[in-house]
Amino acid sequence: MAYWLMKTEPGDYSWEQLVEDGTAVWDGVHNHQAAGNMRAMRKGDRAFFYRSMQDPAVVGVMEIVREAYEDPNDPRRSFVLVDVQPVMPAEREVGLKQIKSDPRLQHLALVRQSRLSVSPVDDTAWRLICEMAGIGA
């Protein structure tokens, strides 16, 4: 199983909306590196749901339930979609400042490539952020 971090702006899509919907299409990714990360996702992989822009933080964990498929709204067929489901909310949100202040997390794309909307998370960082969030995922 691989781990990911997927960003969304609260005005675009919120954790609460994902929980209400049950399953959602993750769309709106128009960066080739992020799209490549989505193509690498496999069913059953886990991802942090990361609220960006306003009070940025990891707020929950999602599961990839459908692997990458073509975005019908992309005439060039450059970008893809994946489907996700909520797994659990964070007991404690893990803010960007908290992540940036931890030397063990400095290697994450979230810290080094702040504009990348979909990025991999290694096993050690996943466990650490889960611990910080009170998540047993």
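This structure is a prediction, so every number in the text was calculated from the model and none was measured.

Okay, helix 2 (residues 32-40) next. Listed as buried for helix 2 are A34, A35, N37 and M38. Along the axis of helix 2, the buried residues cluster in a sector spanning 155°; they form a single face. Next to the buried residues of helix 2 lie strand 1 (3-8), strand 2 (24-26), strand 4 (57-70), strand 5 (80-95) and strand 6 (118-121). For helix 2, the side-chain oxygen to backbone nitrogen distance between the N-cap and Q33 is 2.8 Å, and the N-cap itself is N31.

A complete count under the given rule lists 4 aromatic pairs for this structure. Between W26 and F49 the ring centres are 5.7 Å apart and the planes differ by 90°, which places this aromatic pair in the edge-to-face class. Taken together, the residues W26 in strand 2 and F49 in strand 3 (residues 46-51) connect sequence positions 23 residues apart. Comparing W26 with F49 shows no difference in burial state: the two are buried. Ring geometry for F48 and W126: centres 3.9 Å apart, planes at 25°, overall stacked. Here F48, found in strand 3, pairs with W126, found in helix 5 (residues 123-133); they are 78 residues apart in sequence, far enough to count as distant. Across the pair, W126 and F48 agree in class, each one buried. Members of the aromatic cluster, each reached through a chain of ring pairs, are Y3, F48 and W126. Between the NZ or CZ atom of R66 and the centre of the ring of Y69, over which it lies, the distance is 3.5 Å.

What follows deals with the pattern of salt bridges. Scanning the model with the defined rule gives 7 salt bridges in all. When the shortest N-O distance is used, the salt bridge between R46 and E63 registers 3.6 Å. Taken together, the positions of R46 in strand 3 and E63 in strand 4 put the pair 17 residues apart, joining distant regions of the chain. For E63, a relative accessible area of 24% puts it in the partly exposed group. A salt bridge links R51 to E93, with the shortest nitrogen-to-oxygen separation between them at 2.7 Å. Of this pair, R51 sits in strand 3 while E93 is found in strand 5, placing the two residues 42 residues apart along the sequence. Bridged by salt links that share partners, the residues R51, D55 and E93 form one connected network.

About the criteria used
- Residues numbered from 1 in each chain as written.
- Predicted model: local features only at pLDDT ≥ 70, side-chain atom pairs only at ≥ 80, totals over all residues.
- Heavy atoms only, no water.
- Buried < 20%, exposed > 50% of the residue type's maximum accessible area, 1.4 Å probe, protein only.
- Helix = DSSP H or I, 4+ residues; strand = E, 2+ residues; numbered from the N terminus.
- Arc of directions from axis to C-beta.
- Contact = heavy atoms within 4.5 Å.
- Polar contact = N/O pair within 3.5 Å; in protein donor to acceptor, adjacent residues only side chain to side chain.
- Phe/Tyr/Trp six-rings, centres within 6.5 Å; stacked < 30°, edge-to-face > 60°.
- Lys NZ or Arg CZ within 6 Å of the ring centre and 35° of its normal.
- Salt bridge = Lys/Arg side-chain N within 4 Å of Asp/Glu carboxyl O.

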